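Here is how the chains run, residue by residue.
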Amino acid sequence: MGPLSFVFFDTETTGLKHGFDQIVHFAAIRTDANLNEIGRFEVRSRLLPHVLPHPAALRTNGLPIGRLLDPSLPSHYDMVRAIRQKLLSWSPSIFVGYNSIRFDEEMLRHALFQTLHPAYLTSNHNNSRADVWGLVMAAAAVSPACLNVPIGSEGRPIFRLEQLALANGVAHEQAHNALSDVIATLELCHLVYQRSPELWQRFVRFSKKATVADFVEAEDGFMLTEFFANQAYHVPVVCIGRDPDQANGRFCLSLNGDVDRFAAMTDDELRAELAQKPCPVRRLRINAAPTLTALYDAPDVMLDGVEIDAIEARARRVKDDPGLCSRLVSTYTSTREPRIPSRHAEERLYDGFPGPQDEARMIEFHDADWEARLSIVQKFDDDRLRLFGLRLLYFEARSVLPEALRLELEHALSGRLVDNEAGGLTLEQALREIDELLGDGTSNAGELLVDYRSYLVGRIARVTEFRAKQFAI
């Protein structure tokens, strides 16, 4: 493994719905361990035929519909291929963004999977992940001199990137532009790196899944910081076991108060206790860069008057009773709603990994010419990969498709634009959203939305005519 490096990245997308919306702009900056820039990358793509941008996303990003339809832009497939090639060349690194683990990472995973690539690039290849959104909230909570955090009209802190950048004198010329957001995120990290080295070191340390796993399982209690409604909440916890349904999940028990009461509870009493809000059992993901602090590093603001010796004694009491730990985990997991698999392939990224033969076919697909790719796609055992592969063929080289298969794909893809049950935004839904935005009188992107509305009206007419002609029964 080479010297430590970071990859700061951001995406601009057609909306917020993982699997259904697409990345249209991706930017990344690579730095060395001291946050000095050593590489930069940026790429855009044109709109996929079956994807409709959410009007609010266009307004936020300032992207006219005409720019997304520009035929000179790379296709989505070519963009994802370019992103993957660049990120692999920059691996291993710590991949960092702003609210990236909940959003940008998910968008990237879906984009990779739907173009027949392994989805977990930033978790594999000796890479790790971290999220500056949690870092700045932790900095505000435990090292307030580190960053200036603006306060909203209701007296609550504001952690939106553009306002945080402004409050700290960080240049952010074009908010919601991927490269501009990357630069602002990097500059905020510079401030934490310079002003709170201990906090920065913990941030880097807990970006590594194995380090988080070792820490939470070995410590006799530690501080877990969670964030709700832009507020940081610190709770002393101890790890009580692994999530049986998710390898990266760990369950922790709050050490606020008497822990002996759990052992004395009946099963019904314990279920009722674990149904309380906030629940005394917390779940963290060791691969999601949780905000953790060793007890001896915890400042007074975190401990809130609780003695470290008392926390450690409670932690040992729990760890010394494996039966109690097992009972807490099994009771907690028994209350979960069973997960029903989606009928939409876009929502089934986490329904299992492709088998080894399909993994080999995914590699073979990208190395073959388009004629040969059809037979490769038809051999996939995984129905998700077959569907995504056929879509790629339709988008990139539809002339290789037999007419019956082409018509089948056209029926399905055009149906996504009109069917409210198809999962994505429909033409009529997008039109209603525009009319609401234009009607409330608060939009500062009227011309952009009017242009998009004209596009949608024309598209509705074309799609209606096409479906009536091609698929009339």
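Up top is the structure.
Parameters at a glance
- Residues numbered from 1 in each chain as written.
- Predicted model: local features only at pLDDT ≥ 70, side-chain atom pairs only at ≥ 80, totals over all residues.
- Heavy atoms only, no water.
- Pairing = 2+ DSSP bridges.
- Helix = DSSP H or I, 4+ residues; strand = E, 2+ residues; numbered from the N terminus.
- Axes fitted to C-alpha atoms, helices over the stretch in contact; angles between N-to-C directions.
- Contact = heavy atoms within 4.5 Å.
- Buried < 20%, exposed > 50% of the residue type's maximum accessible area, 1.4 Å probe, protein only.
- Core = buried A, V, L, I, M, F, W, Y, C linked by side-chain atoms within 4.5 Å.

Attention now moves to the sheet that holds strand 5 (residues 128-131). Pairing within the open sheet is mixed, and its 5 strands lie in the order 3-2-1-4-5. At either end of the open sheet lies a strand with only one pairing partner, and these are strand 3 (37-44) and strand 5. Neighbour-to-neighbour, the strand axes of this sheet turn through a mean angle of 20°, independent of strand direction. Where strand 4 (residues 94-97) meets strand 5, 4 bridges bridge the pair, whose relative direction is parallel. What sits directly across from F95, in strand 5, is R129. Sheet strands touched by helix 3 (residues 76-89): strand 1 (5-13), strand 2 (23-32), strand 3 and strand 4. Its angle to strand 3, the strand with the most contacts, is close to 170°.

Between S91 and the following residue, P92, the backbone shows a cis peptide bond with an omega angle of 0°. Along the chain, P92 turns up in the loop between helix 3 and strand 4. The omega torsion of the bond from K277 to P278 falls at -5°, within 30 degrees of zero and hence cis. Mapped onto the elements of the fold, P278 is located in the loop between helix 11 (267-274) and strand 9 (281-285). Within the chain, N99 stands out as a residue other than glycine whose phi angle is a positive 60°. On the secondary structure map, N99 appears in the loop between strand 4 and helix 4 (100-114). Of note in this structure, D304 is not a glycine but carries a positive phi near 50°. With a relative accessible area of 66%, D304 lands in the exposed category.

We now examine the pairing of strand 10 (residues 291-294). Neither face of strand 10 is open: one carries T291 and T293, the other L292 and A294, and all of them are buried. Both strand 6 (residues 222-228) and strand 10 contribute to a ladder of 4 bridges, which runs antiparallel. Paired with M223 across the bridge in strand 10 is T293.

So, on to the nonpolar core. Among the nonpolar cores identified, the biggest contains 67 residues, and W200, I240 and L253 are the most heavily contacted of them. One finds F365, L385, Y394 and L409 within the second-largest nonpolar core, a separate group that totals 26 residues.

With that out of the way, let us pick up the sheet that holds strand 7 (residues 231-242). Reading across from one edge, 9-8-7-6-10 is the order of the 5 strands in this open sheet, with antiparallel pairing throughout. Two strands lie at the open edges of the sheet, namely strand 9 and strand 10, each paired on one side alone. Here the average twist between neighbouring strands, direction ignored, is 45°. Its contacts with the sheet put helix 14 (residues 322-334) on strand 7, strand 8 (249-254) and strand 9, and the angle it makes with strand 7 is roughly 115°.

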